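Here is how the chains run, residue by residue.
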Amino acid sequence: MHAQIDHVVFWVEDQHRALAFYEQVVGLTGVRTAEFRADQVGFPSVRVGPESIIDLMPRGAAPLIDSMFGGEGSAGHRVSHLCLAMPRADYVALRGRLTDAGVAMSTSIANSWGAHGAAPEAFYFQDPDGNVLEARTYE
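Procedures and definitions
- Sequence order sets the numbering: in each chain, residues are counted from 1 along the sequence as written.
- Per-residue local features of the predicted model are confined to residues with pLDDT of at least 70, and side-chain atom pairs are confined, for both listing and counting, to 80 or more; whole-chain, interface and lining totals are unaffected and use all residues.
- The basis for every side-chain value is the complete set of heavy atoms in the structure, and neither hydrogens nor water enter the calculation.
- Remark: nonpolar core denotes a set of buried residues (Ala, Val, Leu, Ile, Met, Phe, Trp, Tyr, Cys) joined through side-chain atoms within 4.5 Å.
- Any residue under 20% of the maximum accessible area for its type is buried, any over 50% is exposed, and the rest in between are partly exposed; the area is computed with a 1.4 Å probe on protein chains only.
- Strands are runs of DSSP state E lasting at least two residues, helices are runs of H or I lasting at least four, and both sets are numbered from the N terminus onward.
- Contacts are assigned to residue pairs with any non-hydrogen atoms lying within 4.5 Å of each other.
- Pairing of aromatic rings covers Phe, Tyr and the six-membered ring of Trp, with a centre-to-centre limit of 6.5 Å; geometry is then stacked below 30 degrees between planes, edge-to-face above 60, and tilted otherwise.
- Whether a charge sits over a ring depends on NZ of Lys or CZ of Arg being within 6 Å of the ring centre and within 35 degrees of the ring normal.
- Think of it this way: DSSP has to see at least two bridges between two strands before they count as a pair.
- Fitted lines through C-alpha atoms give the axes, limited to the stretch in contact for helices. The angle between two N-to-C directions lies from 0 to 180 degrees.
- Looking at any residue, its pLDDT shows the predictor's confidence there, from 0 to 100.
- A pair is scored as a salt bridge if a Lys or Arg side-chain nitrogen falls within 4 Å of a carboxyl oxygen belonging to Asp or Glu.

A. Geometry of the nonpolar core. Counting 25 residues, the largest nonpolar core has Tyr22, Leu56 and Phe125 as its most contacted members. For this core, the secondary-structure elements that each account for two or more residues are strand S1 (7-12), helix H1 (15-26), strand S4 (52-58), strand S5 (82-85), helix H4 (88-100), strand S8 (121-126) and strand S9 (132-137). Counting residues per element, this core draws most heavily on H1, at six residues. Apart from residues lying up to four places away in sequence, tyrosine 22 is in contact with Phe10, Gly27, Leu28, Val46, Leu56, Asp127, Asn131 and Leu133. Of all hydrophobic cores here, the second largest spans seven residues; its members include Phe43, Met57, Ala61 and Ile65.

Have a look at this one:
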């Protein structure tokens, strides 16, 4: 079997703030943002790569999502972290944007294991809602 990640849901308190962070600070491209701003869709997304996105879901929607899953308390929780792998130039640019935005980052980690083997460099940071992301470069 070959599968890929289609999307990950991040629970956020303020979707507009989260969208601005992911577009302006992280540097990802918004998806359905015009429709979201026009109240035509319930949440925006940001594109991670050609085949995957992050949905920015309002935390207040957790009870509705729970009812869809049939499991009370299953929605609204953070994941441990999401790792974004990128070319070295993008990695350096991201660190610069995070620094400029005053976002705290972990120290650099060497040889962290991931989907493409050991990455020579990686670090962690949080979005405004406390979701943890890891940035890494394999170059």
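B. Quick peek at the packing of aromatic side chains. Taken as a whole, this structure holds five aromatic pairs when the rule is applied. Taken together, a centroid distance of 5.3 Å and an interplanar angle of 90° make the contact between phenylalanine 21 and tyrosine 22 edge-to-face. With relative accessibility at 7%, the residue phenylalanine 21 sits in the buried group. What makes tyrosine 22 buried here is its relative accessible area of 0%. Ring geometry for tyrosine 91 versus phenylalanine 123: centroids 5.3 Å apart, planes at 65°, classification edge-to-face. Here the residue tyrosine 91 occupies a position in helix H4, and phenylalanine 123 occupies one in strand S8, the gap between them amounting to 32 residues. The pair formed by tyrosine 91 and phenylalanine 123 is uniform in burial state, with each residue classed as buried. The positively charged end of arginine 32 is found above the aromatic ring belonging to phenylalanine 43, 4.8 Å away from the centroid.

C. Representation of the sheet that holds S8 in the model. Here we have three strands laid out as an open sheet, ordered S5-S9-S8, and mixed in their pairing. Of all the strands in the sheet, just S5 and S8 have a single pairing partner and so form its edges. Put simply, the sheet's adjacent strands are angled 25° from each other on average, direction ignored. Note: S8 against S9, six bridges, orientation antiparallel. When the sheet's bridge partners are listed, phenylalanine 125 is paired in S9 with leucine 133.

D. Up close: the confidence of the model for the protein. This prediction gives the protein a mean pLDDT of 93; 99% of its residues lie at or above 70. Mean pLDDT per element in the protein: helix H3 (residues 62-69) is the minimum at 81, and H1 is the maximum at 98.

E. Examining the pattern of salt bridges more closely. All told, the structure shown has five salt bridges when counted by the stated rule. Among the ionic pairs, glutamate 134 bridges to arginine 136, the shortest N-O distance being 2.7 Å. Owing to a relative accessible area of 2%, arginine 136 belongs among the buried residues under this scheme.

F. Main features of the sheet that holds strand S3 (residues 45-49). Ordered in space as S1-S4-S3-S2, the four strands form an open sheet in which the pairing is mixed. Every interior strand has two partners, whereas the edge strands, S1 and strand S2 (29-31), have only one. This sheet shows a mean twist of 35° between the axes of neighbouring strands, independent of strand direction. One ladder, built from six bridges, connects S1 with S4; its direction is parallel. Within S4, the position partnered with histidine 7 by the bridge is isoleucine 53.

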